[in-house]
Structure formats: C-alpha cells, structure tokens
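Each chain, written out:
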Amino acid sequence: MKIGIFIEPPKNKSNFLNNWKKILKKNFGKQKYLTHPLHSTIATFKLEKKISNNFYISLKNEMKLFSKFKINITKPNIFYDDALTGGDTLFFEIKKNPKLILFQKKILKHFHQIDQNISKDDFFKNKKFQSNYKNFGFPFVGRDWIPHFTIASVNSNFKEKNKIFKNFLSEKSFNKIMDIKNFSIWEINKDKHKKILQFRLK
C-alpha cells in the first residue's frame, strides 16, 4: 500500500495547471502523471500494513495548530530524463520558504513513529536521495526537495515536443501566490488516487 501527503492548489487558481494538462494530452496523448489529481507532494510512503485510525487522529491533533501559509509559484520547469519515469516531467516550481520546509519536517517526524511499517525496498543512484530514503522513507527531503505542481511526464521519443516545451517554459500567465489552508492524504495504486482524509490548518 502506498500513501501520499499532498497540498492541493485552490480550485479558483488552478486553471493554468489544468490547461497545460489539456495541451499535453492533445499533443501527446496518454502520458504518465497526466491523469493524476493536481497536487504538490510533501511525502509518499510505501506501507507494509494499513495504519490505524488513531495514528491519523494524532496527526490531525498535531497539525491543527499549524497555521495556513502561502506558496509562491516561481516558474515552469522540466525534469529532463526523470529517473522516476524515464521521460521529461513538466512542472511548475514552488519556492521553498521556512513555513513549507517546517511543514514537511513535521509530517516526516510524525510518520517516523511508524518507521518499522514503512517499506524501503527501492534504490536511488543518487547517494543523498538514497540516504534520505533510508532515514525518512522518502528520498526528497529539505534541501534535496523541489516542491512543485506536476503537469505530466512526456515520453522522450516525441520529435515534436521541442516547440511545446519551449512554449511551456515561456509561460507567464499563471497565479504566483496561493493560500494553503489544508492538506490531504491519499491512497495511491499506480495511476489511481483516492483521497482518504483532508485536514484543515489553523
């Protein structure tokens, strides 16, 4: 079982994200991440067994004192030859700020309580990612984390992708500031995502 802890963009400010999903689908068809709900990943974990409701209740009680915060979307960007997909992953980068870093830290600390139930059988060539994975169950932590909203990961074999990618990287008309008032937990089964909990921030 795999779960993800996500922050989601406000619906009234996410049109530009959905528009780029539509553009990529029109030009490239079915691609990885294209059908995933819009989100920025705080962490994901592979679990050996289902977590008890008490664990989530304690998470809710701990995080309800964490105040809502703002994020700043700085630019569109691309992970070329993404190690996780084998394609080129298009995303909108989120500027890290102290509140966002602390938010991830608190989530990771809480899940460390069930570290014995988190599977760590993947392997990352990047030594720092591998170290993070062994320590936290998630490879992208702190300075090694690039918060972002993913659009899709496009197969590298498309010859006509250069023009689309150039237009994407020159995109200027997007909402730069977003209010984050809650976070959510999802069950992940390959490309299927099911929201199981949502918690409001103070």
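Residues numbered from 1 in each chain as written. Predicted model: local features only at pLDDT ≥ 70, side-chain atom pairs only at ≥ 80, totals over all residues. Heavy atoms only, no water.

Student: Explain the layout of surface pockets here, please?
Tutor: In this structure, the largest pocket encloses a volume near 1,300 Å³. Every residue lining the largest pocket is counted, 42 residues in all, and those nearest its centre are Lys2, Tyr33, Thr44, Leu84 and Phe140. Taken together, the elements giving at least two residues each to the lining of the largest pocket come down to β1 (2-7), β2 (40-47), α4 (127-136) and β6 (148-154). When the residues that make up the lining of the largest pocket are grouped by side-chain class, the tally is 19 nonpolar, 13 polar and ten charged. Within this model, the second largest pocket holds a volume of roughly 330 Å³. At the level of elements, β7 (177-180) and β9 (192-200) are the ones that each hand at least two residues to the lining of the second largest pocket. (1 Å grid on protein atoms, 1.4 Å probe; cavity = no way out; pocket = protein on both sides within 12 Å on 5 of 7 lines; lining within 4 Å. Points joined across faces, edges and corners; volume = space filled by probe spheres on them. Helix = DSSP H or I, 4+ residues; strand = E, 2+ residues; numbered from the N terminus. Nonpolar A, V, L, I, M, F, W, Y, C, P; charged D, E, K, R; others polar.)

Student: What is the right way to look at helix α2 (residues 53-63) in this model?
Tutor: Residues lying three or four places apart along an α-helix face the same way, a consequence of the helix completing one turn every 3.6 residues. Of the residues making up α2, those classed as buried are Phe55, Tyr56, Leu59 and Met63. Projected onto a plane normal to the axis of α2, the buried residues spread over an arc of 95° and lie on a single side. Facing away from the buried surface of α2 by more than 90 degrees, the exposed residues are Asn53 and Asn54. Looking at the buried residues of α2, the elements they touch are β1, α3 (98-111), β8 (182-189) and β9. (Buried < 20%, exposed > 50% of the residue type's maximum accessible area, 1.4 Å probe, protein only. Arc of directions from axis to C-beta. Contact = heavy atoms within 4.5 Å.)

Student: Explanation requested: the sheet that holds strand β3 (residues 69-79) in the structure shown.
Tutor: Strand pairing in a sheet takes place through backbone hydrogen bonds and is either antiparallel or parallel in direction. The strand order β6-β4-β3-β7 describes an open sheet built from four strands, whose pairing is antiparallel. In the strand order of this sheet, the two ends are held by β6 and β7, each with one partner. Across this sheet, the average inter-strand angle for adjacent strands is 30°, counted without regard to direction. Bridge count for β3 against β7 is four bridges, and the pairing is antiparallel. The residue of β7 that forms the bridge with Lys70 is Asp179. Contacting β3, β4 (88-94), β6 and β7, helix α1 (residues 15-28) crosses the sheet at an angle of about 5° to β6. (Pairing = 2+ DSSP bridges. Axes fitted to C-alpha atoms, helices over the stretch in contact; angles between N-to-C directions.)

Student: Help me out: how do you make sense of the pattern of salt bridges in this one?
Tutor: A side chain with one charge may pair with a side chain of the opposite charge, provided their charged atoms come close. By the definition in use, this model includes seven salt bridges. Its salt-bridge partner being Lys46, residue Asp122 comes within 3.0 Å of it at the nearest N-O pair. Here Asp122, found in the loop between β5 (118-119) and α4, pairs with Lys46, found in strand β2; they are 76 residues apart in sequence, far enough to count as distant. Take Lys46: its relative accessible area is 30%, and that puts it in the partly exposed class. One salt bridge in this structure joins Lys106 and Glu62, with 4.0 Å as the shortest N-O distance. One end of the pair, Lys106, is in helix α3; the other, Glu62, is in helix α2, and 44 residues separate them in sequence. (Salt bridge = Lys/Arg side-chain N within 4 Å of Asp/Glu carboxyl O.)

Student: What should I look at first to understand the packing of α2 against α3 in this one?
Tutor: Helix packing for two helices is described by the angle between their axes and how far apart those axes are. Direction vectors running N to C along α2 and α3 enclose 150°, while the axes themselves pass 11 Å from each other. When the axes of α2 and α3 are compared, the pair comes out roughly antiparallel. Remark: the crossing between α2 and α3 carries right-handed chirality. Contacts from Phe55, Ser58, Leu59, Glu62 and Met63 in α2 reach Phe103, Lys106, Ile107, His110 and Phe111 in α3. (Parallel < 35°, antiparallel > 145°, perpendicular 65-115°, else oblique. Left-handed = near helix turned anticlockwise from the far one by under 90°.)

Student: How do you make sense of the packing of aromatic side chains when you look at a structure like this?
Tutor: Aromatic rings in a pair are described by how distant their centres are and how their planes are angled relative to each other. In the structure shown here, the tally under the stated rule is 21 aromatic pairs. For the pair Phe69 and Phe103, a centre-to-centre distance of 5.6 Å together with 50° between the ring planes defines the contact as tilted. In this pair, Phe69 is assigned in strand β3 and Phe103 in helix α3, connecting sequence segments 34 residues apart. Considered together, Phe69 and Phe103 belong to a single accessibility category, that of buried residues. Both rings, one in Phe124 and one in Tyr133, keep their centres 5.3 Å apart while their planes meet at 65°; by these two values the pair is edge-to-face. Accessibility expressed as a relative area gives 14% for Phe124, which makes it buried. Here the aromatic cluster, defined as three or more aromatic residues joined through ring pairs, consists of Phe16, Trp20, Phe92, Phe168 and Phe174. In this structure, Lys99 is placed above the aromatic ring of Phe66, and the distance from its NZ or CZ to the ring centre is 5.0 Å. (Phe/Tyr/Trp six-rings, centres within 6.5 Å; stacked < 30°, edge-to-face > 60°. Lys NZ or Arg CZ within 6 Å of the ring centre and 35° of its normal.)

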